[in-house]
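As a plain string of letters, each chain reads:
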Amino acid sequence: MLQSKLPAVGTTIFTRMSALAQKQGALNLSQGFPDFAAPEALRKALARHALEGHNQYAPMAGLPELREAIAAQLARHRNVECDPESEITVLPGATEAIYCAITACINLGDEVILLDPCYDSYRPAVLLAGGVPVHIPLTPGTFRPDWARVEAAISRRTRMLVVNSPHNPTGAMLEKEDLETLNALVANYGLLVVSDEVYEYLVYDGRVHYSALQFDALRAATFAVFSFGKTYGVTGWKTGYCVAPPALTAELRKVHQFVCFVAVTPVQQALADFMCAEPDYPLTLAALYQGKRDLFNRALTGSPFRLEPSAGSYFQLLDYTDITDTPDAQLCELWTKDPGVASIPISVFYQQPPEQHLLRFCFAKQDAVLQQAAERLCKI
Ligand code: PMP
Ligand code: GLN
């Protein structure tokens with residue numbers, strides 16, 4: 001009899017809710033992906049490269065021209081210098097980057113600190129590596145890390161900490177002081193870090209994204225993970241990258257070459273072309289998505305939902321305390337059917353969900369969809 005390595009894991013909430021939304025014909029504000037077209041020049045570049053015959057394996061670490069474009073972008077927008085040859089790896093999505101980083105570093109019994117609520121792929125990756133996930137809650141309400149509590153959880157077996165900013169599912173962001181504190185912890189305790197920065201350009205109200213790569217001790221100990229899916233609106237292209245110092249990158253690549261080996265060639269070429277032609281395209285995203293967040297939130301004015309504007313990411317949390325006591329997982333399904341708006345329950349991102357009534361709505365959707373979804377929610 002097969003003994004499951006992940007007995008508590010089912011199909012992801014994103015897959016389930018998107019399927020339910022489709023079945024019910026609901027407006028799908030559940031899974032995080034844009035429902036509008038990516039830049040035309042980028043899509044044309046993919047078609048061109050495929051038609052021109054660039055359809056065989058790329059180099060294992062990623063196409064050199066794409067890694068150069070990534071290094072140029074990091075220098076331009078973050079003032080971070082890195083060597084494309086030894087520090088940048090292109091992989092089929094941030095999910096694989098996270099998996100490979102954890103698999104490469106975590107041995108049997110090593111503890112990994114995860115901050116709840118956290119993205120669903122972190123814990124299974126730790127478990128599959130034989131590690132022990134140690135879940136520490138983010139501060140309720142603000143969803144900021146309680147660093148004293150994090151420090152208190154560090155033991156002799158702690159090997160790694162995973163952080164995510166801008167944050168999925170809450171939209172919270174780490175401030176500069178958070179990264180300074182983390183930087184000191186990493187230096188004092190000799191920890192490794194996975195810094196999930198896939199929403200780095202989706203930051204609102206003039207906020208600044210700080211990358212772990214900008215802090216000295218973190219720069220030496222971090223796998224920083226990014227996703228072209230988010231920045232270029234092509235989540236279905238499943239391409240991301242990891243930036244880490246040479247010794248960490250070497251270990252990451254040992255795993256990557258036997259998980260997927262390479263990312264898709266014409267996708268990498270198209271992304272390299274687009275990044276070179278439009279180096280500041282990512283800087284246009286904040287205004288676009290802030291407009292969407294604001295449209296959705298404005299259209300909910302006067303509704304019984306409580307909402308704090310999201311600081312970054314694709315996501316807005318709505319607090320439905322004043323409407324019902326129904327648990328979030330159940331309510332998501334009910335509301336997908338009637339009034340026909342799909343969302344994501346927050347409890348699934350916790351090991352021990354606290355008493356709260358929060359649903360996650362993705363505002364990376366067409367304005368008309370957001371308007372209609374809000375109108376439906378207002379009628380509840
Ligand atoms: N991390 C976070 C926080 C995410 O929201 C996502 C979702 N897409 C990923 C990682 C995975 O990105 P990718 O699609 O590039 O694998
Ligand atoms: N990251 C996306 C979200 O949070 C979904 C990605 C996935 O379905 N694995 O909605």
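Let us look at the structure shown here. Treat the numbers as computed from the prediction; the structure is a model and nothing was measured. (Residues numbered from 1 in each chain as written. Chains lettered and ligands numbered in written order. Predicted model: local features only at pLDDT ≥ 70, side-chain atom pairs only at ≥ 80, totals over all residues. Heavy atoms only, no water.)

Here the focus is the overall build of the protein chain. When you go through the protein chain residue by residue, the secondary structure sums to 15 helices and twelve strands. Relative to its length of 380 residues, the protein chain is compact, with a C-alpha radius of gyration of 20 Å against a globular reference of 21 Å. Viewed in the frame of its principal axes, the protein chain has a C-alpha envelope of about 55 × 55 × 50 Å. Of the roughly 16100 Å² that the protein chain leaves accessible, carbon and sulfur atoms contribute 52%. Across the protein chain, the mean location of the 31 positive side-chain charges is 4 Å away from that of the 40 negative side-chain charges. (Helix = DSSP H or I, 4+ residues; strand = E, 2+ residues; numbered from the N terminus. Rg over C-alpha atoms; globule rule 2.2 N^0.38 Å. Areas by Shrake-Rupley, 256 points an atom, 1.4 Å probe, with all protein chains shown as cover. Lys, Arg positive; Asp, Glu negative; His and termini not counted. Charge placed at Lys NZ, Arg CZ, Asp CG, Glu CD.)

Looking now at the site of ligand 1. Inspection of the region around ligand 1 gives Gly93, Ala94, Thr95, Tyr119, Asn164, Asn168, Asp196, Val198, Tyr199, Ser227, Lys230 and Lys238 as its neighbouring residues. In the environment of ligand 1, an oxygen atom lies 2.7 Å from a nitrogen or oxygen atom belonging to the side chain of Asn168. In this structure, Tyr199 approaches ligand 1 through a side-chain N or O atom, which is 2.6 Å from an oxygen atom. The site holding ligand 1 turns out to be the largest pocket. Residue classes in the shell around ligand 1 are distributed as four nonpolar, five polar and three charged. (Near = heavy atom within 4 Å. Polar contact = N/O pair within 3.5 Å; in protein donor to acceptor, adjacent residues only side chain to side chain. 1 Å grid on protein atoms, 1.4 Å probe; cavity = no way out; pocket = protein on both sides within 12 Å on 5 of 7 lines; lining within 4 Å. Sits in = over half its atoms within 2 Å of the grid points. Nonpolar A, V, L, I, M, F, W, Y, C, P; charged D, E, K, R; others polar.)

When its volume is computed, the largest pocket comes out at roughly 670 Å³. Surrounding the largest pocket, 30 residues form its lining, Phe14, Thr95, Tyr119, Lys230 and Lys238 being those nearest its centre. Elements with a contribution of two residues or more to the lining of the largest pocket: helix 1 (13–24), helix 5 (94–105), helix 6 (122–128) and helix 10 (228–231). Looking at which element gives the most residues to the lining of the largest pocket, the answer is helix 5, with four residues. Broken down by class, the residue content of the lining of the largest pocket amounts to eleven nonpolar, 14 polar and five charged. (Points joined across faces, edges and corners; volume = space filled by probe spheres on them.)

Bringing the site of ligand 2 into the picture now. Around ligand 2 lies a shell formed by Phe14, Gln31, Gly32, Tyr119, Asn168, Tyr199, Lys230, Phe315 and Arg360. Within the side chain of Gln31, an N or O atom sits 2.7 Å from an oxygen atom of ligand 2. At 3.2 Å from a nitrogen atom of ligand 2 is found a side-chain nitrogen or oxygen belonging to Tyr119. Isolated, ligand 2 exposes 300 Å² of accessible area, and the fraction of that covered by the protein chains is 80%. According to the grid-proximity analysis, the pocket containing ligand 2 is the largest pocket. Grouping the amino acids of the shell around ligand 2 by side-chain chemistry returns four nonpolar, three polar and two charged.

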